[in-house]
Amino acid sequence: GLGGAARGPAPPLQKRADNSPEDMCREMEKEVNALIEESAQLNLERRFGEALEKAKDAGKRERKLCAKREATGLADQINIDLTYSVLFNLANQFHANELYAEALKAYSEIVKNKQYHQSGRLRVNMGNIYFEQKKYPNAIKMYRMALDQIPNTGRDIRAKIIRNIGVAFVRLGQFQDAIASFEQIMEASADVQTGFNLFLCYYALGETEKMRKVFSKLLAIKAHGVDLEDEDELAVGLEDVLRADGLKEVLREKHKTIIKHLAIAAKLLAPAIEQDVGAGFDWAITQLRNANYTSLANELEIAKSLHFMRSRQFERAVETLKSYEKKDPQLVARAATNLSFIYFHEGDYNSAIKYADLAMRHNRYNAKALVNKGNVLFMREELELARRMYQESMGADADCIEAIYNLGLVSKRLGLTGEALALFEKLHGILPDSIEVVWQIADLHEQFSPRTAIKWFNILTTRVPADPGVLSRLGNIFLNEEDETQAFHYHMESYRYYPVNMNVISWLGAYFVKNEMYERAVHFFERAAQIQPIEVKWKLMVASCHRRSGDYQVALDIYLQIHREFPDNVECLRYLVHISDDLGKKDQVHEYVVKLRKAERTQEQAALTTGAGTQAQDMGAVQNENVPRNGTFGNSYAQPEPPPNYNNNSVQRQPGPGEAGYVESDYHLAQIEAASVGVNTQGKKVAGAKGNKAADEWGDEMLGEDLLPM
């Protein structure tokens with residue numbers, strides 16, 4: 001012992017070098033794991049592109065790690081689990097980025113490696129990729145191969161894979177094979193999703209009795225962790241707002257899914273199982289109440305009345321809704337709202353207000369009932385009260401689109417243009433694809449900013465490019481902006497889609513006459529004559545176009561045809577006199593002059609008679625001018641808006657070559673008559689002279705239809 005003590009203390013342990021191969025490989029492995037975790041986190045945040053880059057980086061580093069271990073004689077330390085994680089994450093990121101070929105290649109590398117004993121179940125992922133590519137036979141093959149790898153003890157996983165097989169068969173339209181898959185699950189471990197899929201298959205095949213059985217099974221299924229008797233506990237409470245309860249949120253979502261599937265199944269089942277639709281609804285409602293789905297049963301009762309409304313069986317709908325008056329208050333409120341809606345569309349405004357008030361008694365903040373009442377007041381022209389109802393409805397539900405739209409309409413009627421525009425722009429933010437809202441915005445802008453209106457109408461044409469009303473409206477705006485080229489373009493487009501709009505037809509005809517393209521104008525006036533065959537002016541315009549283009553014989557034939565149809569028409573006779581004289585048919589000139597004078601005398605007598613009657617009416621009106629009409633003093637209605645004048649830009653055309661004789665004056669007619677009968681009328685003043693304006697110059701004539709008083 002003394003000898004040993006004389007040796008002194010033992011030397012210190014030798015320190016391991018910091019850059020030993022084992023340590024370097026260990027650090028590289030940590031970096032690879034960190035990259036895999038970052039990639040997975042980015043995938044969770046739906047940043048798929050960045051996640052894929054991280055996954056690729058992890059793959060590169062893992063391959064370097066394996067090469068380094070092999071080079072340093074540490075091949076026995078290669079971590080096959082790390083390689084599996086890298087490949088699996090890479091395949092998953094390829095799938096997330098919809099790079100299906102790359103994802104399938106990565107999964108194939110895993111499943112073909114015999115070192116990964118449980119990799120066969122990844123064929124489910126490969127099946128999902130084929131399913132997304134709509135390659136359903138390949139998907140079914142992969143699902144079945146994966147199913148072979150799952151032991152019978154994995155009951156839940158096997159059920160999910162079999163359900164995927166069934167859904168793939170549904171997509172292929174092979175409902176019998178799908179039913180076999182779904183029934184296999186329902187016998188082993190029934191769940192609501194599979195039962196719902198089975199129900200839909202029977203619905204597609206029209207198997208009503210089997211639909212009943214499956215629906216009854218659905219009602220008997222109790223989802224794991226969800227007890228429908230504890231619905232109040234699943235309701236959102238104050239504690240849920242103050243602190244997050246993830247488990248309760250999951251259960252709540254699961255419960256919503258169950259209710260959704262049952263509601264859809266009930267609404268599909270009820271009209272299909274009985275010849276009498278009402279009996280089918282009653283059976284489904286009874287089944288739901290027996291299974292303690294009270295709120296869902298109430299929902300189906302409302303659906304029953306809505307079915308009758310959609311099929312226009314309004315009497316049965318009213319009868320059904322009235323049967324709820326003594327039931328649950330919430331159900332009464334919804335039934336009364338629907339009743340109010342039905343009566344409004346039937347024009348029974350008193351009943352509509354009655355049931356709207358009933359709905360509001362049960363729930364003063366029922367937005368839809370307030371809208372229904374506002375609609376009735378709007379139709380009764382009680383605009384201020386209607387406005388108040390719509391505002392109250394928006395107070396109850398700020399996003400009630402019916403209230404916003406109708407409030408915009410009533411504000412527009414009241415002249416509150418700014419308020420109406422703000423409401424429609426708000427609604428455009430909620431319903432950006434609504435063509436009605438865009439039209440209202442464009443219509444309001446036209447009043448004070450035509451260029452802005454053009455922008456909105458152009459937006460509207462992208463949604464409804466073939467709407468002739470929008471196109472003609474754009475044409476009118478450009479006409480007012482003195483852009484005749486664009487006006488012509490949009491009027492032509494409107495005519496192409498709807499060739500019977502008289503305003504558009506008359507404008508186009510006048511446009512071509514103004515530009516002396518008479519051959520093209522003829523087409524439009526002939527179309528106008530087809531639409532309004534008893535309106536003589538269109539035929540006169542056709543004849544005038546032929547005359548101006550030099551087709552005198554064609555014009556004469558048309559005038560003769562007009563004269564046969566309208567023998568007392570003064571304008572036609574006047575033209576016949578002129579054109580006969582121009583063509584040298586002196587024997588016919590006297591005949592037409594005599595007829596013309598006779599027609600003019602008849603016209604003058606009729607005008608005198610009408611004038612006398614009008615004068616008598618005016619005298620009566622003067623005597624009673626202080627008596628209020630319709631409860632108000634002054635005019636009983638607003639002056640009607642003048643019809644659109646499509647010819648504001650037209651100019652008076654001077655007679656062209658060969659047309660100097662067509663200056664329609666009574667003096668000229670008298671000269672022609674005198675020449676034909678040999679009487680000198682020089683210096684004779686003709687009564688009723690109207691100047692020398694051409695009778696067929698329709699440049700200042702209102703061609704549109706008169707609007708009714710507002």
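Residues numbered from 1 in each chain as written. Predicted model: local features only at pLDDT ≥ 70, side-chain atom pairs only at ≥ 80, totals over all residues. Heavy atoms only, no water.

## A closer look at the overall build of the chain
What counts is decided by this rule: Secondary structure is summarised from DSSP: a helix means a run of H or I of at least four residues, a strand means a run of E of at least two, and numbering begins at the N terminus for each. We call two residues in contact when some of their heavy atoms are within 4.5 Å. Shrake-Rupley sampling with a 1.4 Å probe provides the accessible areas, and residues are treated as covered by the protein chains on show and by no other component.
If you tally the helices and strands in the chain, you get 34 helices and 0 strands. Sequence separation of at least 24 residues holds for 53% of the intrachain contacts in the chain that already meet a minimum separation of 6. Summed over its atoms, the accessible surface of the chain is roughly 40,100 Å², and 51% of this surface lies on carbon and sulfur atoms.

## Some thoughts on a nonpolar patch on the surface
Selection criterion: Think of a patch as exposed residues, more than 30% relative accessible area, with no salt bridge, where like charges cluster within 9 Å and nonpolar side chains (Val, Leu, Ile, Met, Phe, Trp, Tyr) cluster within 5 Å. In what follows, salt bridge is the name for a side-chain nitrogen of Lys or Arg lying within 4 Å of a carboxyl oxygen of Asp or Glu.
A cluster of nonpolar residues, Y497, Y498, V500 and I531, forms a patch on the protein surface that exposes about 320 Å² of accessible area. Assignment of secondary structure puts I531 in helix 29 (residues 518–531).

## Examining the packing of aromatic side chains
Centre-to-centre distance and the angle between the planes together describe a pair of aromatic rings. Operational definition: Under the pairing criterion, centres of Phe, Tyr and Trp rings, with the six-membered ring standing for Trp, must be within 6.5 Å; the plane angle then separates stacked pairs below 30 degrees from edge-to-face pairs above 60, leaving the rest tilted. To sort residues, take the accessible area from a 1.4 Å probe on protein chains only and compare it with the maximum for the residue type: under 20% means buried, over 50% means exposed, and anything in between is partly exposed.
What the rule picks out here adds up to 16 aromatic pairs. Consider the rings of Y343 and Y355, whose centres lie 5.7 Å apart with planes at 20°: the pair is stacked. You can see Y343 sitting in helix 18 (residues 329–345) and its partner Y355 sitting in helix 19 (residues 349–362), a full 12 residues away along the chain. Taking 6.3 Å as the distance between ring centres and 20° as the angle between the ring planes, the aromatic pair formed by F525 and W538 counts as stacked. Here F525 is found in helix 29, whereas its partner W538 is found in helix 30 (residues 536–548), with 13 residues between them in sequence. Residue classification places W538 among the buried residues on the basis of a relative accessible area of 1%.

## Things to note about helix 32 (residues 570–582)
Inclusion rule: The span you would expect from a helix comes to 1.5 Å times its residue count less one.
Over its 13 residues, helix 32 extends 19 Å from the first C-alpha to the last, a length consistent with the 18 Å expected when each residue adds 1.5 Å. With 10 of 13 residues buried, helix 32 is to be regarded as a mostly interior element. Burial in helix 32 covers these residues: V570, C572, L573, R574, Y575, L576, V577, H578, I579 and S580. Just past helix 32, the residue G584 takes up positive phi, approximately 80°.

## A word on the confidence of the model for the chain
Convention followed: One confidence number per residue, pLDDT, is output by the predictor and ranges from 0 to 100.
Summary statistics for the chain give a mean pLDDT of 77 and a share of 78% for residues scoring 70 or more. Low pLDDT (under 50) marks residues 1–5, which in the prediction has 0 contacts with non-local residues, meaning those over four places away or in another chain. Counting contacts from residues 228–232, a segment whose pLDDT is below 50, to residues more than four positions away or on other chains yields 3 contacts.

## So, the packing of helix 29 against helix 30
Basically, it comes down to this: An axis is simply a line fitted to the C-alpha atoms; with a helix, the fit covers only the stretch in contact. Between two such axes, the angle follows the N-to-C directions and lies from 0 to 180 degrees. For this classification, under 35 degrees means roughly parallel, over 145 means roughly antiparallel, 65 to 115 means roughly perpendicular, and everything else is oblique. By convention the crossing between two helices is left-handed if the near helix lies anticlockwise of the far one by an angle smaller than a right angle, and right-handed if it lies clockwise.
Following both chains from N to C, one finds helix 29 and helix 30 inclined at 165°, their axes separated by 8 Å at the closest point. As summarised for this structure, helix 29 and helix 30 are arranged roughly antiparallel, according to the angle between their axes. Note that helix 29 runs across helix 30; the crossing there is left-handed. Of the residues in helix 30, those touching helix 29 at Y518, A521, V522, F525, E526, A528 and A529 are W538, K539, M541, V542, C545, H546 and R548.

## A short note on the packing of helix 14 (residues 246–269) against helix 16 (residues 294–310)
Going by this rule: Charged means Asp, Glu, Lys or Arg here, nonpolar means Ala, Val, Leu, Ile, Met, Phe, Trp, Tyr, Cys or Pro, and polar covers whatever is left, Gly included.
Where helix 14 contacts helix 16, the two axes come as close as 11 Å, and the packing angle between them is 35°. Between helix 14 and helix 16 lies a crossing whose hand is right-handed. Across the interface between the two elements, I259, L262, A263, A266 and K267 of helix 14 pack against L296, E299, L300 and A303 of helix 16. Each residue belonging to the contact of helix 14 with helix 16 can be placed in one class, and the counts come to 7 nonpolar, no polar and 2 charged.

## Considering the side chain of R387
Among the secondary structure elements, R387 is positioned in helix 21 (residues 383–396). Leave out the neighbours within four places in its chain, and R387 touches L407, V410, S411, L414, L416 and E419.

## Things to note about the environment of Y575
Positionally, Y575 belongs in helix 32. On the basis of relative accessible area, Y575 is assigned to the buried category, the value being 2%.

## Things to note about the pattern of salt bridges
Scanning all chains against the criterion turns up 24 salt bridges. The closest approach of N and O atoms between R47 and E45, which form a salt bridge, is 2.8 Å. By relative accessible area, which is 39% here, E45 ends up partly exposed. E493 is the salt-bridge partner of R496, the closest N and O atoms lying 2.8 Å from each other. Note that R496 and E493 are positioned in helix 27 (residues 484–497) at a spacing of 3 residues, about one turn of the helix. The exposure class assigned to R496 is exposed, which follows from its relative accessible area of 51%. Each of K412, D443, E446 and R473 takes part in a single network of salt bridges with overlapping partners.

## Observations regarding a positive patch on the surface
Selection criterion: Neither His nor the chain termini are counted; the positive set is Lys and Arg, and the negative set is Asp and Glu. The atom standing in for a charge is NZ when the residue is Lys, CZ when it is Arg, CG when it is Asp and CD when it is Glu.
Judged by side-chain charge, K56, K60, R63 and K64 come together as a positively charged surface patch. Position of R63 among the secondary structure elements: in helix 3 (residues 48–71). For R63, a relative accessible area of 53% corresponds to the exposed category.

## Focus on the side chain of D443
Note that D443 resides in helix 24 (residues 435–445). Apart from the residues lying within four places of it in its own chain, the contact partners of D443 are K412, F457 and R473.

## Digging into the nonpolar core
Nonpolar side chains tend toward joint burial in soluble globular proteins. The condition is simple: Residue types Ala, Val, Leu, Ile, Met, Phe, Trp, Tyr and Cys, when buried and joined through side-chain atoms within 4.5 Å, form a set referred to as a nonpolar core.
Core analysis: the biggest nonpolar cluster contains 96 residues, and F457, F525 and Y559 have the highest contact counts within it. Of the residues forming this core, the biggest block, 8 residues, is contributed by helix 28 (residues 502–514). Counting residues in each nonpolar core, the second largest holds 70 residues, with Y100, L198, L219 and I273 among its members.

## Regarding unusual backbone geometry
One non-glycine residue, R46, adopts positive backbone phi at about 65°. Counting through the fold element by element, R46 comes out in the loop between helix 2 (21–44) and helix 3. Located in the positive-phi region is E516, a residue other than glycine, with phi close to 60°. Residue position: E516 is located in the loop between helix 28 and helix 29. Judged by relative accessible area, which is 52%, E516 ranks as exposed.

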